[in-house]
Amino acid sequence: MQYIDNMGYILYCQFMHLVKAKHLENGIFELRAQVGTDISRVLYFCVVGKKVILTHGFIKKTKKTPLSEIERAKNYRAAYLGRKENQK
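Visitor: What exactly am I supposed to notice about helix α1 (residues 67-86) here?
Guide: Each α-helix winds once per 3.6 residues, and so residues spaced three or four apart point in a common direction. Spanning 20 residues, α1 covers 29 Å between terminal C-alpha atoms, matching the ideal 28 Å at 1.5 Å per step. Residues of α1 that are buried include every one of Glu69, Ile70, Ala73, Lys74, Arg77 and Tyr80, and no others. Relative to the axis of α1, the buried residues are bounded by an arc of 140 degrees and lie together on one face. Turned more than 90 degrees off the buried face of α1, the exposed positions are Leu67, Ser68, Asn75, Ala78 and Asn86.

As structure tokens, this is what we get:
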């Protein structure tokens, strides 16, 4: 991984596709990959134990990530953490 200023991390994946990661807010991150004119986004969060939980993906049509998508990821995180807490 290579750190790039405020843009987040550049991850080099299989087939050398360039994927960018960025912190959005409150521990929710975004992976972005452009294919043609479409920009695919996957939101995720990290948990103790070095786990990364992917919440959902979507095709972004605007420059700014919709707040509804960030809220959706936060809801998935809350549900995940709630299930983990109940398993203890």
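Visitor: Would you take a moment to explain the packing of aromatic side chains for this structure?
Guide: Aromatic rings considered in pairs are described by the distance between their centres and by the relative angle of their planes. Scanning all chains against the criterion turns up 2 aromatic pairs. When the ring of Phe29 is compared with that of Tyr44, the centres are 5.4 Å apart and the planes differ by 20 degrees; the resulting orientation is stacked. On the criterion of sequence distance, the pair formed by Phe29 in strand β4 (residues 28-35) and Tyr44 in strand β5 (residues 38-47) is long-range, its members being 15 residues apart. By relative accessible area, Phe29 is classed as partly exposed at 23%. Accessibility expressed as a relative area gives 11% for Tyr44, which makes it buried.

Calculation rules
- Residues numbered from 1 in each chain as written.
- Predicted model: local features only at pLDDT ≥ 70, side-chain atom pairs only at ≥ 80, totals over all residues.
- Heavy atoms only, no water.
- Helix = DSSP H or I, 4+ residues; strand = E, 2+ residues; numbered from the N terminus.
- Expected span 1.5 Å × (residues − 1).
- Buried < 20%, exposed > 50% of the residue type's maximum accessible area, 1.4 Å probe, protein only.
- Arc of directions from axis to C-beta.
- Phe/Tyr/Trp six-rings, centres within 6.5 Å; stacked < 30°, edge-to-face > 60°.

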